[in-house]
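Here are the chains, one letter per residue:
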Amino acid sequence: MRLAVSSFLTRVRGGMAIEAALDLFEHHFAEEHFRDLMVAIRFNFHHRGDLPRLLEHMESQLYRIEEEMIHRRISSAHDRRLCWLIILIGPLILLFRLMTDGMTRELFLHHALGPVLLAISLCGTGLAAGGLWLIQQRMTQ
């Protein structure tokens, strides 16, 4: 960062137009918020705006964005836990019903189609768990 700022100042003090120096300065970093800052500063210089006021406004906007991102992360973590609970509760209820209800046990364990339906439901639960895991992996990348 120090090298990029030093290069920017050298260019401006050497006579390069501020907008051109800002363009080159902008390409030093790939951060989206930094590029937004450079666009706002370039616009401010072009229209002779109040730079301290602009920077204060942008600072408050970034704080709001950061708060919202934290809120979404918390909400997202809660939603993921809830999804896992919903996926895992199905087999637990089935297991409970198999142990306590004779009619359910008869249907799933002693009927010809029972084991097939049991396997299909367990495969569906496995697919749902796998899909949720893949979604979580994509979200964390």
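Residues numbered from 1 in each chain as written. Predicted model: local features only at pLDDT ≥ 70, side-chain atom pairs only at ≥ 80, totals over all residues. Heavy atoms only, no water.

Each helix and strand counted, the protein has six helices and zero strands in total. Moving toward the C terminus, one meets the helices and strands of the protein in the order α-α-α-α-α-α. Taken against the 2.2 N^0.38 rule, which gives 14 Å for 141 residues, the C-alpha radius of gyration of the protein at 29 Å runs more than 25% over that of a compact globule. Seen through its C-alpha atoms, the protein measures out along the principal axes to roughly 90 × 25 × 25 Å. Here the protein, with 141 residues, has 18% of them falling under the buried criterion. In the protein, the proportion of contacts linking residues at least 24 apart, taken out of those at least 6 apart, comes to 31%. (Helix = DSSP H or I, 4+ residues; strand = E, 2+ residues; numbered from the N terminus. Rg over C-alpha atoms; globule rule 2.2 N^0.38 Å. Buried < 20%, exposed > 50% of the residue type's maximum accessible area, 1.4 Å probe, protein only. Contact = heavy atoms within 4.5 Å.)

This part is about helix H2 (residues 18-26). Taken as a whole, H2 has its buried residues at Ala-21, Leu-22, Phe-25 and Glu-26. Taken around the axis of H2, the buried residues stretch over an arc of 140°, which confines them to a single face. The inward-facing, buried residues of H2 contact helix H1 (2-13) and helix H3 (32-46). (Arc of directions from axis to C-beta.)

Attention now goes to the pattern of salt bridges. Evaluated as defined, the whole model comprises one salt bridge. Measuring nitrogen to oxygen at the nearest pair gives 3.0 Å for the salt bridge that ties Arg-97 to Asp-101. Under the relative-accessibility criterion, Arg-97 is labelled partly exposed at 41%. (Salt bridge = Lys/Arg side-chain N within 4 Å of Asp/Glu carboxyl O.)

The next point concerns the packing of helix H5 (residues 102-110) against helix H6 (residues 114-140). Interhelical geometry of H5 versus H6 gives an angle of 90° and a closest axis separation of 5 Å. The angle between H5 and H6 falls in the class roughly perpendicular. Facing Leu-107, Phe-108 and Leu-109 of H5, the residues of H6 in contact are Gly-114, Pro-115, Leu-117 and Leu-118. Across the contact of H5 with H6, the residue classes break down as six nonpolar, one polar and no charged. (Axes fitted to C-alpha atoms, helices over the stretch in contact; angles between N-to-C directions. Parallel < 35°, antiparallel > 145°, perpendicular 65-115°, else oblique. Nonpolar A, V, L, I, M, F, W, Y, C, P; charged D, E, K, R; others polar.)

A few words on the environment of Glu-106. By secondary structure assignment, the location of Glu-106 is in helix H5. On the basis of relative accessibility, which here comes to 45%, the residue Glu-106 falls in the partly exposed class. Taking the C-alpha atoms as reference points, Glu-106 and Gly-124, 18 residues apart in sequence, are found 22 Å from one another.

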